[in-house]
Amino acid sequence: MAKELKELTPRSVSYSQWYQDLVIKADLAENSDVRGCMVIKPYGYAIWEKMQRVLDDMFKETGHQNAYFPLFIPKSFLSREAEHVEGFAKECAVVTHYRLKTNEDGTGVVVDPAARLEEELIVRPTSETIIWNTYKGWIQSYRDLPILCNQWANVVRWEMRTRLFLRTAEFLWQEGHTAHASEQEALEEAERMLHVYGDFAQNYMAMPVVKGVKSASERFAGAVDTYTIEALMQDGKALQSGTSHFLGQNFAKAFDVMYTDKEGKQSYVWATSWGVSTRLMGALIMTHSDDNGLVLPPQLAPIQVVIVPIYKSMEQLAAIDEKIAPVVAELKKRGISVKYDNADNKKPGWKFAEYELKGVPVRLAMGGRDMENGTIEVMRRDTLEKKTREFDSIVDYVQGLLDDIQANIFKKALDYRTEHTYVVDTYEEFKEKLELGGFILAHWDGTPETEEAIKNETKATIRCIPFDGDTTPGTCMYSGKPSARRVLFARAY
């Protein structure tokens, strides 16, 4: 049974199949009978809940409040902002009728043609339009600003090619939508929230990211500027892991949202929007996990410590139960999530395999000999290293070990990124390094024509123009024209 649990396709054979195997076998999610949609299973949702909880606290620390807006958006709303509708038109699910009726032949239900909506409704692909139509009623003067709202919700984008967590027709996310009296205030908000995402990725997900601004062709539809955090997965592909958009006054003008300033002058409001989604689950899996299963950072693991008794009789189990109880209590007291698995329906070997597959950071095991010797076995999931430790000091040891695991898996991911980041000056070298996988820093002349040509020829895109990148002028690797600075290229999900 333990062998069946762990039968994952090795990453070296097929990274894509390894990922699919792991998501399913670790009980994170599965495909549903609704095309392109997934079922997030309890263990996977527990990880997402921890992400939500941390992010929600971070948003509230920066002054944001949660609200909720309708799932349905009148089609005419999307038509008001030209770039926005063009960006999402091909992905929209459309509601045309509001009633079903029994089929005349008694074989089921059909759409009632008499129940056609006067105006079709779009199932939200994102909420800028419905929110800015709402903000029009909320904003009259400078006293009403800023508005700092966040929404936890689901959205629908009718994707043709789907992959669990990474790209599905329906997914979960949060979307912040803020309104400001000045351009500077909105710009500061957009950057602030990107740094919140960066801090979350690095300090909780243990995932190093590059922060930067998107090129014009990669911007969010309707944005003036899009800021991004980009992470590198173990197969050398980039994953856009969070975005924050400076929307300028585009949506305020589209929905006629104005405010009166202190001098009595009317001006259009300035806007931002920002979001992360369940795609972060895919990022978490692909950044750290291995051929044995998930490797979870302790900060986000639903179970940080599992304790498994090894016993030959019920009397021995009772003795181990009594010995372990105060350890469980003290770990919980310190805010560490712990599971004592003394269920008798699975053998210890099966349990070891299951918790290893599910990425539990620390596993403790106690048997009869440990009881006699005053010891306990400790295994850390990130390195699979086992040690025998003194039982009396185990709580302090585990607490320190969790911190060490968090730091170690971040370092491992950072080292991988460093080893797979290349600085190139010629297009030939660019194409050569691209086949190795990773990030490439190269000069670009700033034109969409060059960007498109590189994308068509190599499938590599400009992931971002890094905030803290090399700003030394140079020569575009593709066109030979002057370049203001190096930008970050990669093939991406």
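Heads up: the structure comes first, above all this text.
Residues numbered from 1 in each chain as written. Predicted model: local features only at pLDDT ≥ 70, side-chain atom pairs only at ≥ 80, totals over all residues. Heavy atoms only, no water.

A.B. asks: Kindly report on the state of the cysteines, identifying the contributing residues and their values.
C.D. replies: Under the criterion given, the structure shown has zero disulfides. Between Cys464, a cysteine without a disulfide, and Cys476, which holds the nearest cysteine sulfur, the sulfur-to-sulfur distance is 17 Å. Here Cys464 falls in the buried class, since its relative accessible area comes to 0%. (Disulfide = S-S within 2.5 Å. Buried < 20%, exposed > 50% of the residue type's maximum accessible area, 1.4 Å probe, protein only.)

A.B. asks: Help me get a handle on helix 13 (residues 394–419), residues and values and all.
C.D. replies: With 26 residues, helix 13 extends 36 Å from end C-alpha to end C-alpha; this agrees with the ideal 38 Å at 1.5 Å per step. Those residues of helix 13 that sit buried are Ile394, Val395, Val398, Leu401, Leu402, Ile405, Gln406, Ile409, Ala413 and Arg417. (Helix = DSSP H or I, 4+ residues; strand = E, 2+ residues; numbered from the N terminus. Expected span 1.5 Å × (residues − 1).)

A.B. asks: Residue-level account of the sheet that holds strand 5 (residues 93–97), with values.
C.D. replies: Reading across from one edge, 4-8-5 is the order of the three strands in this open sheet, with antiparallel pairing throughout. With partners counted over all chains shown, the strands left at the sheet margins are strand 4 (72–74) and strand 5, one partner each. For this sheet, the mean inter-axis angle between neighbouring strands, taken without regard to orientation, is 40°. Bridge count between strand 5 and strand 8 (residues 116–123): four bridges; the pairing is antiparallel. Counted as the bridge partner of Ala93 is Val123 from strand 8. (Pairing = 2+ DSSP bridges. Axes fitted to C-alpha atoms, helices over the stretch in contact; angles between N-to-C directions.)

A.B. asks: Please provide a residue-by-residue account of the sheet that holds strand 13 (residues 238–248), values included.
C.D. replies: In space, the eleven strands of this open sheet follow the order 3-9-10-16-13-12-11-24-27-23-22, with mixed pairing throughout. Among the strands making up the open sheet, the edge pair consists of strand 3 (65–66) and strand 22 (421–423). Where strand 3 and strand 9 (residues 147–156) come together, two bridges link them in parallel fashion. Paired with Gln65 across the two strands is Cys149, which belongs to strand 9.

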